[in-house]
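Residues per chain, in single letters:
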Amino acid sequence: MNGIFAIDQAKALAEAGAEVVVFAIDTFSMRWRRKIGIWEEETEGLRCYGFRIPIGNVGYRLTARIGGWMIKKLYKRVFEKRGETAPDYIHTHFAAEFGATLAEKYGIPLIITEHASRVPDEAEMEYRRARHVIAVSHSFAEKLEKRFGIKCNVVPNIVDYKAFRLTDNRKHIEGRLRLVTTARLVREKGIEVILESMAEAEFATLEIIGDGPYRERLEKRANELGISDRVKFAGMLRREEIGKRYEEADCFVLTSESETFGVAYIEAMATGLPVIATRCGGPEDFVNERNGIMVEVGDVKGTTDAIHYMHDNWEKFDAGKIRKFVDEGFASETVARKIMEYYD
């Protein structure tokens with residue numbers, strides 16, 4: 001659930017001809033048991049190096065200081081002790097002191113791709129050190145430019161949707177609407193809005209894929225609304241299994257409060273599914289009348305109306321054209337070429 005967009009981008013850049021080395025700094029708490037210290041592995045054709053020190057939530061500045069020390073240790077191990085040629089660029093995801101510290105120490109150009117919905121004020125220093133700052137949607141780029149006074153380019157996330165295929169075997173059940181959503185179950189994903197809307201759409205069923213601290217509350221709310229028999233909590237699933245669930249659905253719905261991009265929507269659209277999305281930052285760049293419906297954040301009635309429209313008009317959404325839209329705009333080779341334009 002964390003960082004999949006970064007590894008997808010690294011793979012795509014490698015396939016496009018760049019020599020990619022991945023550094024991962026892990027400062028999460030001890031709640032997730034794993035080995036402490038430096039590790040290295042080759043995964044999916046990528047050379048990956050990491051450093052784990054589980055300090056937990058100690059604040060941005062201390063995390064940045066410790067993380068900066070950790071990434072310099074990795075750099076010395078890989079590029080100095082082994083005598084490898086220094087990188088031409090350091091490309092980081094999120095404005096983290098880690099990459100900026102490394103770029104400054106070794107005089108290497110820095111590129112930042114920003115994804116975070118909540119960007120700390122301290123990020124301005126990293127942005128100003130960078131040669132290029134890239135945002136994953138136009139709405140998000142405008143917010144960064146206005147807040148920090150920087151020039152911000154736009155390149156969408158690479159979405160590795162190989163596991164999500166267009167199927168010719170999807171069978172619509174007359175009088176029913178099979179909804180599906182995939183998200184980390186936290187308040188900000190707005191799943192309660194979908195549940196409230198389901199109470200006014202007796203023809204609809206909903207499968208919720210994902211897990212998180214909000215799951216118990218959502219299960220309780222489904223019971224309170226009397227819709228628990230039409231709502232299934234599937235938990236965490238692998239991408240391949242998620243793709244199969246999408247092939248059995250009629251519509252993807254996610255009513256997030258904020259999305260800087262929205263990978264889950266694109267993955268669903270890759271199977272030909274139309275989507276119901278909120279105007280929350282990212283989806284505005286790619287959801288249109290040919291592939292879905294936009295509603296306002298927190299709008300239960302608007303979401304209910306959208307579900308009813310999907311039920312009555314599902315045949316108006318051409319699955320083949322939705323998949324083609326994804327292929328043309330978000331294929332890994334397409335986005336990788338856009339990113340490499342900034343490796344100047």
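Trainee: Could you give an account of the nonpolar core, naming the residues involved and the relevant values?
Mentor: In this structure, Leu179, Leu206, Tyr246 and Phe252 are the most contacted members of the largest nonpolar core, which totals 56 residues. In terms of residues, this core owes the most to one element, helix H9 (residues 263-270), which gives six residues.

Trainee: Which residues make up the side chain of Glu247, and what values go with them?
Mentor: Within the secondary structure, Glu247 is located in helix H8 (residues 239-247). Glu247 gets classed as buried once you look at its relative accessible area, which sits at 14%. Within the structure, Glu247 has its side chain in polar contact with the side chain of Arg165 (distance 3.2 Å). Apart from the residues lying within four places of it in its own chain, the contact partners of Glu247 are Arg165, Thr167 and Arg170.

Trainee: Any details on the sheet that holds strand E4 (residues 90-93)? Residues and values, ideally.
Mentor: One open sheet holds the four strands; their spatial order is E4-E5-E6-E7, and the pairing between them is parallel. A strand with exactly one partner marks an edge of an open sheet, and here the two such strands are E4 and strand E7 (153-154). By the bridge criterion, four bridges tie E4 to strand E5 (residues 110-114) in an arrangement that is parallel. Bridged to Thr92 within E5 is Ile112. In this fold helix H5 (residues 138-148) packs onto E5, strand E6 (132-135) and E7, with an angle of close to 135° to the strand it touches most, E6.

Trainee: Help me get a handle on the sheet that holds strand E11 (residues 251-254), residues and values and all.
Mentor: Across the sheet, which stays open at both edges, the six strands sit in the order E10-E9-E8-E11-E12-E13 with parallel pairing between neighbours. The open sheet terminates on both sides in strands that have one partner only, identified here as strand E10 (231-235) and strand E13 (292-295). In this sheet, neighbouring strand axes are inclined to one another by 25° on average, regardless of whether the strands run parallel or antiparallel. Where strand E12 (residues 275-278) and E13 come together, four bridges link them in parallel fashion. Counted as the bridge partner of Val275 is Gly292 from E13.

Trainee: Pulling in residues and values, what's your account of the packing of helix H6 (residues 191-198) against helix H10 (residues 300-313)?
Mentor: Where H6 meets H10, the closest approach of the two axes is 9 Å, and the angle between their N-to-C directions is 60°. The pairing of H6 with H10 is recorded here as oblique in orientation. At the point where H6 passes H10, the crossing takes the right-handed sense. Across from Val193, Glu196 and Ser197 in H6, the residues of H10 making contact are Val300, Thr303, Thr304 and Ile307. Counted by class, the contact of H6 with H10 contains three nonpolar, three polar and one charged residues.

Trainee: Hey, could you go over the pattern of salt bridges for me, with residue numbers and the actual values?
Mentor: Counting across every chain of the model gives 32 salt bridges. With a shortest N-O distance of 3.4 Å, Glu40 and Arg77 are connected by a salt bridge. Linking Glu40 in strand E2 (residues 37-43) with Arg77 in helix H2 (residues 60-80), this pair joins segments that are 37 residues apart in sequence. The exposure class of Arg77 is partly exposed, given its relative accessible area of 33%. Members of the salt-bridge network, linked through shared partners, are Asp8, Lys11, Glu44, Arg239 and Glu267.

Trainee: Run through the pairing of E5, naming residues and quoting values.
Mentor: For E5, the buried fraction is high: five of the five residues fall into the buried class. On E5, burial covers both faces: Leu110, Ile112 and Glu114 on one face and Ile111 and Thr113 on the other are all buried. At this point the chain moves from E4, through helix H3 (residues 97-106), to the parallel E5, and the crossover so formed is right-handed. In this sheet, E6 lies alongside E5 in parallel orientation, the contact comprising four bridges. By the bridge assignment, Glu114 is partnered in E6 with Ala135. Once the chain exits E5 it traverses helix H4 (residues 123-129) before rejoining the sheet at E6, and the crossover so formed is right-handed.

Here is what the cut-offs are and how they apply
Residues numbered from 1 in each chain as written. Predicted model: local features only at pLDDT ≥ 70, side-chain atom pairs only at ≥ 80, totals over all residues. Heavy atoms only, no water. Core = buried A, V, L, I, M, F, W, Y, C linked by side-chain atoms within 4.5 Å. Buried < 20%, exposed > 50% of the residue type's maximum accessible area, 1.4 Å probe, protein only. Helix = DSSP H or I, 4+ residues; strand = E, 2+ residues; numbered from the N terminus. Polar contact = N/O pair within 3.5 Å; in protein donor to acceptor, adjacent residues only side chain to side chain. Contact = heavy atoms within 4.5 Å. Pairing = 2+ DSSP bridges. Axes fitted to C-alpha atoms, helices over the stretch in contact; angles between N-to-C directions. Parallel < 35°, antiparallel > 145°, perpendicular 65-115°, else oblique. Left-handed = near helix turned anticlockwise from the far one by under 90°. Nonpolar A, V, L, I, M, F, W, Y, C, P; charged D, E, K, R; others polar. Salt bridge = Lys/Arg side-chain N within 4 Å of Asp/Glu carboxyl O. Right-handed = clockwise from strand over helix to strand, strands pointing away.

Treat this as a map of the structure, not an account of what it does.
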